[in-house]
Amino acid sequence: MKRAVPILVVLAALLLLGCAQQAEQKEEQTQIKLVEPGYLTVGSDIAYPPFEFTDEKTGEYTGFDIDLMKEIAKRMGLEAKFVNTAWDGIIPGLLAHKYDVICSAMTITEERAKQVDFSDPYFEAKQVIITRADVTEINDVDDLNGKVVAVQQGTTGDFAAQRLKDEKGMQLEIKRFEGTPEALMAVQKGDADAAIIDNFVAYIAAKENPGIYRVIESDEFAPEYYGIAVNKDNPALLEKINEVLKEIKEDGTYDEIYNKWFGE
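Report follows, based on the coordinates. Within every chain, residues take consecutive numbers counted from 1 along the sequence as written. pLDDT decides what is reported in this predicted model: residues at 70 or higher carry local features, side-chain atom pairs at 80 or more are listed and counted, and totals for whole chains, interfaces and linings draw on all residues regardless. With hydrogens and water excluded, all non-hydrogen atoms of the structure serve as input to the side-chain values.

1. Quick notes on the packing of helix 2 (residues 64-75) against helix 8 (residues 235-250)
Point 1. Here, axes are lines fitted to C-alpha atoms. For helices the fit covers the stretch in contact, and angles between N-to-C directions go from 0 to 180 degrees. Segments assigned H or I by DSSP are reported as helices when at least four residues long, segments assigned E as strands when at least two residues long, and all are numbered from the N terminus. Two elements in contact, helix 2 and helix 8, have axes whose closest approach is 10 Å; the angle formed by their N-to-C orientations is 110°. Between helix 2 and helix 8, the interaxial angle falls into the category roughly perpendicular. As helix 2 runs across helix 8, the sense of the crossing is right-handed. Seen from helix 2, the contacting residues are L68, E71, I72 and R75; seen from helix 8, they are I241, V244, L245, E247 and I248.
Point 2. For this scheme, ten residues count as nonpolar: Ala, Val, Leu, Ile, Met, Phe, Trp, Tyr, Cys and Pro. Four count as charged, namely Asp, Glu, Lys and Arg, and the remainder, Gly too, count as polar. Looking at the contact of helix 2 with helix 8 residue by residue, the classes come out as 6 nonpolar, no polar and 3 charged. Here the word oblique covers every angle except those under 35 degrees (roughly parallel), over 145 (roughly antiparallel) and from 65 to 115 (roughly perpendicular). Whether a crossing is left-handed or right-handed is set by the direction in which the near helix is turned from the far one by less than a right angle, anticlockwise for left-handed and clockwise for right-handed. Contact criterion: two residues are considered in contact whenever any of their non-hydrogen atoms come within 4.5 Å of each other.

Structure (structure tokens):
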């Protein structure tokens, strides 16, 4: 019986150690990881109005995504900090922990979801065709056969154009550009017959350049949804962003931001 006491003590110590390790692991899983304490650092390709762009008068970043992330950060007790990043390196930058999240009109896709986690959808969009206003022979997807189509590299517009070649067997030349403004300029200058881009961006470009562009919608393009991308090793941050995003939608703040940039 005298030997039983030390054994019980050892067992109790091991039990306490196991509980402590489990508690530590649970704390690690629920702890939000930030690149810089006090800031929610956001990677964004800030050349995509009206979602993110630089105000020419103030030199400050502005747009729908910018306002949304500022509100999310504020409700998390943080300050939003934006890192302007080229689109083709934006996911690698997140994986390298250069920023905490990506918010850059990024469509949720299965391929991207293999690398990052996405928040609940915060915006619905759709691809459209945009041509010069004087181009009358393009009125649907099939009319792009034999044409030159401009896209922003690595976007869903790029993927849609490639699918037209691969799945529909269409003969079209895809011109890939670093940004959407360059793709639109190619259309305006006649270097491309059309571009495939997000609908809201296309309609604003047409509105701001009267008589220059014409927007064409097609059933060929299905609706798509934007999400905020988070590293897979940061589940607590993803959970918190979804929680705050839900609050913003429920209390009407989301509608206020939306109406500011797109109207009711």
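Further notes follow.
2. Topic: helix 5 (residues 156-166)
Point 1. Only protein chains enter the area calculation, which uses a 1.4 Å probe; residues under 20% of their type maximum are buried, those over 50% are exposed, and those in between are partly exposed. Residues of helix 5 that are buried: T156, G157, D158, A160, A161 and L164.
Point 2. As for helix 5, its buried residues are in contact with helix 4 (110-113), strand 8 (127-132), strand 9 (148-152), strand 10 (173-177), strand 11 (194-198) and strand 13 (224-226).

3. Remarks on the side chain of T156
Point 1. For T156, the position within the fold is in helix 5.
Point 2. Accessibility expressed as a relative area gives 11% for T156, which makes it buried.
Point 3. Pairs of N or O atoms within 3.5 Å make up the polar contacts considered here, provided that, within protein, one atom can donate a hydrogen while the other can accept it, and that residues adjacent in sequence are counted only when both atoms are side-chain atoms. A polar atom in the side chain of T156 sits 2.8 Å from the side chain of E224.
Point 4. With residues up to four places along the chain from it excluded, the contact list for T156 reads T107, T109, R112, Q127, D198 and E224.

4. What to know about the packing of aromatic side chains
Point 1. Note on aromatic contacts: the rings of Phe and Tyr and the six-membered ring of Trp form a pair at centre separations within 6.5 Å, being stacked when their planes are under 30 degrees apart, edge-to-face when over 60 apart, and tilted otherwise. In total, this model carries 20 aromatic pairs according to the counting rule given.
Point 2. Ring geometry for F51 against F123: centres 5.0 Å apart, planes inclined by 85°, an arrangement best described as edge-to-face. Residue F51 is found in the loop between strand 1 (39-44) and strand 2 (53-54), and its partner F123 is found in strand 7 (residues 123-125); the two are separated by 72 residues along the sequence. In terms of burial, F51 and F123 fall into one category: buried.
Point 3. Where F64 meets Y254, the ring centres are 5.8 Å apart and the plane angle is 85°; that geometry is what we call edge-to-face. Taken together, the positions of F64 in helix 2 and Y254 in helix 9 (residues 253-262) put the pair 190 residues apart, joining distant regions of the chain. In terms of burial, F64 and Y254 fall into one category: buried.
Point 4. Through a chain of ring-to-ring contacts, the aromatic side chains of Y48, F51, F64, Y122, F123, F200, Y226, Y254, Y258 and F262 assemble into a single cluster.

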